[in-house]
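# A structural walkthrough
One-letter residues, chain by chain:
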Amino acid sequence: MEESTAVALYDDIERDLRQARLNGDQRALISLGLLKSEIVNASKEPGAKGVDDAAVIRVTRREVKKREEAAELYRSGGRAETADQELAEADILRRYLPAAISEEDLDLELRAVIAEVGASGPQGFGQVMKAATARIGDRAEGGRIATAVRRLLNG
């Protein structure tokens, strides 16, 4: 993979961060600044392979999930305005994630994987998960894939 394509998402984040600064968009500036900081920190962890699109996606997913969970807690605590701010930040970060696969397409992909590996019943879960995560990649979160695999293998 060429150097220029290896960090395309990180470059997009830096470009959008500069644009947010120029536009005076405080929400984007804070959200993207924190995301960039988390990406840099993740790249310095032991075993990290530096900054590449996979790392950016992984960190971005984690940050979106944090904001969604925080919004849920704020909403249940009667702080709807703060919950809406968290969700707005999550929306800003979602721009750097690949498009999610639909439920129908996920089921089709998983049925194909199950047939390819010849799995049947819950004992084939690990084998299906390994092949499915490699095949589906970043189009679905692991938890979502696992839930669908369990449903298909048990149903």
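Quick note: structure is the one above.
The following paragraphs examine the structure supplied in this document.

Calculation criteria
- Every chain begins its residue count from 1, and numbering advances along the sequence as written.
- Local features in this predicted model are restricted to residues of pLDDT 70 or higher, and side-chain atom pairs are both shown and tallied only at a pLDDT of 80 or more, whereas totals for entire chains, interfaces and linings draw on every residue.
- The side-chain values count all of the structure's non-hydrogen atoms but skip hydrogen atoms and water molecules.
- The way it works is that DSSP assigns letters per residue, a run of H or I at least four long becomes a helix, a run of E at least two long becomes a strand, and they are numbered from the N terminus.
- Expected helix span is given by 1.5 Å per residue-to-residue step, counting one fewer step than there are residues.
- In this analysis, two residues are considered to be in contact whenever any of their non-hydrogen atoms come within 4.5 Å of each other.
- Think of a salt bridge as a Lys or Arg side-chain nitrogen and an Asp or Glu carboxyl oxygen that are within 4 Å of each other.
- Any residue under 20% of the maximum accessible area for its type is buried, any over 50% is exposed, and the rest in between are partly exposed; the area is computed with a 1.4 Å probe on protein chains only.
- Axes, fitted as lines to C-alpha atoms, cover a helix only where it is in contact. Angles between the N-to-C directions of the axes lie from 0 to 180 degrees.
- Between 65 and 115 degrees an angle is taken as roughly perpendicular, under 35 as roughly parallel, over 145 as roughly antiparallel, and anywhere else as oblique.
- Whether a crossing is left-handed or right-handed is set by the direction in which the near helix is turned from the far one by less than a right angle, anticlockwise for left-handed and clockwise for right-handed.
- Under the grouping applied here, Gly and all other residues not named as nonpolar or charged are polar, the nonpolar ones being Ala, Val, Leu, Ile, Met, Phe, Trp, Tyr, Cys and Pro and the charged ones Asp, Glu, Lys and Arg.
- Note: the arc covers the axis-to-C-beta directions of the helix.
- Take the buried residues of types Ala, Val, Leu, Ile, Met, Phe, Trp, Tyr and Cys, join any two whose side-chain atoms come within 4.5 Å, and each joined set is a nonpolar core.

### Examining helix 6 (residues 103-117)
- With 15 residues, helix 6 ought to run about 21 Å at 1.5 Å a step, and its terminal C-alpha atoms sit 21 Å apart, in line with that.
- Check the buried side of helix 6 and you find it contacts helix 7 (125-136) and helix 8 (142-154).
- Phi turns positive one or two residues past the end of helix 6, at Gly118, with a value near 70°.

### Focus: the pattern of salt bridges
- As enumerated under the stated definition, the model contains 17 salt bridges in all.
- One salt bridge in this structure joins Asp91 and Arg94, with 2.3 Å as the shortest N-O distance. Taken together, the positions of Asp91 and Arg94, both in helix 5 (residues 80-94) and three residues apart, correspond to about one turn of that helix.
- Its relative accessible area of 48% is what places Asp91 among the partly exposed residues.
- A residue is classified by how much of its surface remains accessible, and Arg94, at 32% relative accessible area, is partly exposed.
- Where salt bridges share partners, they join Glu38, Arg62, Glu63, Lys66, Arg67 and Glu89 into one cluster.

### A few points about the packing of helix 6 against helix 7
- Running from N to C, helix 6 and helix 7 cross one another at 130°; their axes reach a closest spacing of 9 Å. In terms of axis orientation, helix 6 runs oblique to helix 7. By crossing handedness, the relation of helix 6 to helix 7 is classed as right-handed. Contacts from Leu106, Glu109, Leu110, Ala112, Val113, Ile114, Glu116 and Val117 of helix 6 reach helix 7 at Gln127, Val128, Ala131, Ala132, Arg135 and Ile136.
- Grouping the amino acids of the contact of helix 6 with helix 7 by side-chain chemistry returns ten nonpolar, one polar and three charged.

### A look at the side chain of Arg67
- Residue position: Arg67 is located in helix 4 (residues 53-76).
- Given a relative accessible area of 6%, Arg67 falls into the buried group.

### Comments concerning helix 3 (residues 26-43)
- Taking 1.5 Å of rise per residue, 18 residues should cover 26 Å, and helix 3 covers 26 Å from first to last C-alpha, within 8% of that figure.
- For helix 3, every residue scored as buried is listed here: Ala28, Ser31, Leu32, Leu35, Ile39, Ala42 and Ser43. End-on view of helix 3: buried residues confined to an arc of 105°, all on one side of the axis.

### With respect to the nonpolar core
- Core analysis: the biggest nonpolar cluster contains 19 residues, and Ile13, Leu32, Leu35, Ile39 and Val56 have the highest contact counts within it.
- At the level of secondary structure, the elements contributing two or more residues to this core comprise helix 2 (8-23), helix 3, helix 4 and helix 5.
- Those residues within four positions of Ile39 in sequence are excluded, and the remaining contacts are Tyr10, Ile13, Val51, Val56 and Val59.

Distances and angles like these do not, on their own, reveal function.
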